[in-house]
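# Topology and contacts: notes
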Amino acid sequence: MTKWLIVSLFIVCGIHVHYRGRVRHGFWRQLTDHSSFMAPINCFMYLFSRVPTTPYVPVSAFPELERLRAAWPAMRAEAEALFSEGHIKASARRDDAGFNSFFKSGWKRFYLKWYGTPHPSAQQLCPQTSQLLAGMPTVKAAMFAALPPGSRLVRHRDPYAGSLRYHLGLITPNDDACFIEVDGERYSWRDGEAVIFDETYIHYADNQTTTNRIILFCDLERPMRYRWAQWVNRAVGRVLLAAAASPNQEGDRTGALNKAFGVLYAVRQAGKALKRRSKPAYYAAKWALILSVLGLILL
């Protein structure tokens, strides 16, 4: 009886996630998307959220972030120096599972903070930004993120609703042709201006200009209505997301998830090779694996 309740919970929450918002994945993509597997946890976060569960959340809901926005010129200077020295870059190894697919389109990053994991490289190379972020417990993760001219991040959902995404423009084209679109609503970055959005809505980014875009990119802890719900959110973040820590360079910590990513990547590459040879064989193998896992759960 218990297993059927669990299966029913996943189905109901998965349907809610799929129909949430105006923009949706196709049925088959949504069925195998990570947001379907995370649906029960994410529905818990939506249910007990203290801030609106809309695609964009007012920046005024996080007044403590004004300290960050006010310091944008100093952060811009550090980001500019990092970029010119080649530190804002794609992962040199297969040790960044969370953003691996972005690197193909030219997206680059430099981690500043990650769910309790300090990055010694950030403390050394951008001390002012690191000091600012160290005094902001609301900010669970942060990085400088670059979107070069002509780059485009495909439509996707991020996996975890316990956080909200904060973008602060540092070096931007200041042009409407460089934008992010969240659930069909478009926002264009501007130097010194901030935006907060719910990354579990389908979104994509595009830089159609000839100018690079560098922003401060942060994960904010979603405020919850009750202390016990906030504790659950914090606990999931410590266990699940801390394991996705990725290094900038030697001396920075690599989380357990990224240590295992090399093996997972090899399996993924084998699947892509099979798909190139025979799409019917690829989908048959994919669904055989999914049905096998479901069968083990229901036994």
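Within each chain, residue numbers correspond to sequence positions counted from 1 in written order. Only residues with pLDDT of at least 70 get local features here, since the model is predicted, and only at 80 or more are side-chain atom pairs given and counted; chain-wide, interface and lining totals rely on the full set of residues. The basis for every side-chain value is the complete set of heavy atoms in the structure, and neither hydrogens nor water enter the calculation.

Let me state the cut-off plainly: UniProt positions are given in the numbering used here, feature names are shortened, and annotations may be inferred rather than shown by experiment.
Under an unreviewed UniProt entry, the protein has the name Lipid A hydroxylase LpxO and belongs to Chitiniphilus purpureus. The record in UniProt for the protein states the following under Sequence similarities (unreviewed entry): "Belongs to the aspartyl/asparaginyl beta-hydroxylase family."

### Here we look at the pairing of strand β9 (residues 194–197)
Defined as follows: In this analysis, strands are considered paired if DSSP registers two or more bridges between them. For the purposes of this entry, the term helix denotes a DSSP run of H or I that reaches at least four residues, the term strand denotes a run of E that reaches at least two, and both are numbered from the N terminus.
Across two bridges, the pairing between strand β1 (residues 56–57) and β9 is antiparallel. Looking across to β9, one finds that Tyr-56 is bridged to Phe-197. As judged from the four bridges shared by strand β6 (residues 163–171) and β9, these two strands associate in the antiparallel manner. The partner of Tyr-166 across the bridge, within β9, is Ile-196.

### A short note on the packing of aromatic side chains
Note the threshold: Note on aromatic contacts: the rings of Phe and Tyr and the six-membered ring of Trp form a pair at centre separations within 6.5 Å, being stacked when their planes are under 30 degrees apart, edge-to-face when over 60 apart, and tilted otherwise. For every residue, the accessible area obtained with a 1.4 Å probe (protein chains only) is divided by the maximum for its type, and the residue is called buried under 20%, exposed over 50%, and partly exposed between those limits. Charges are assigned to positions over rings by a cutoff of 6 Å between ring centre and Lys NZ or Arg CZ, combined with an angular limit of 35 degrees from the ring normal.
For the coordinates displayed, the defined rule picks out 16 aromatic pairs. Residues Phe-99 and Phe-102 carry aromatic rings whose centres are separated by 5.7 Å and whose planes lie at 55° to one another, so their mutual orientation is tilted. As far as the burial class goes, Phe-99 and Phe-102 line up, both buried. The rings of Phe-99, Phe-102, Phe-103, Trp-107 and Phe-217 are connected pair by pair, giving a single aromatic cluster. Seen from the ring of Tyr-201, Arg-20 lies directly overhead, with NZ or CZ sitting 3.9 Å from the centre. Directly above the aromatic system of Phe-179 lies the positively charged group of Arg-186, at a separation of 3.6 Å from the ring centroid.

### Here's the deal with unusual backbone geometry
The phi angle at Tyr-115 is positive, at roughly 40°, despite the residue not being glycine. Mapped onto the elements, Tyr-115 comes out in the loop between β2 (108–114) and β3 (117–118). Classification of Tyr-115 as buried rests on a relative accessible area of 13%. In this structure, Asn-174 is a non-glycine residue whose phi angle is positive, near 55°. Positionally, Asn-174 belongs in the loop between β6 and β7 (178–182).

### Describing helix α8 (residues 127–134)
Applicable threshold: This arc is built from the directions going out from the helix axis to the C-beta atoms. By definition, residues are in contact when any of their heavy atoms lie within 4.5 Å.
Within α8, the full set of buried residues consists of Thr-129, Ser-130, Leu-132 and Leu-133. Along the axis of α8, the buried positions cluster into a sector of 160°, meaning they face one direction only. In α8, the exposed residues that point more than 90 degrees away from the buried face are Gln-131 and Ala-134. Packed against the buried residues of α8 are α5 (66–70), α6 (72–84), β2, α7 (120–125) and β4 (139–147).

### Some thoughts on the environment of Lys-108
For the record, the criterion: Contacts described as polar in this section are N or O atom pairs within 3.5 Å, which, within protein, must combine one atom able to donate a hydrogen with one able to accept it, while residues neighboring in sequence count only if both atoms come from side chains.
Along the chain, the position of Lys-108 falls in strand β2. For Lys-108, a relative accessible area of 26% puts it in the partly exposed group. Among the polar contacts listed, one links the side chain of Lys-108 to the backbone oxygen of Gly-106, at a separation of 3.1 Å.

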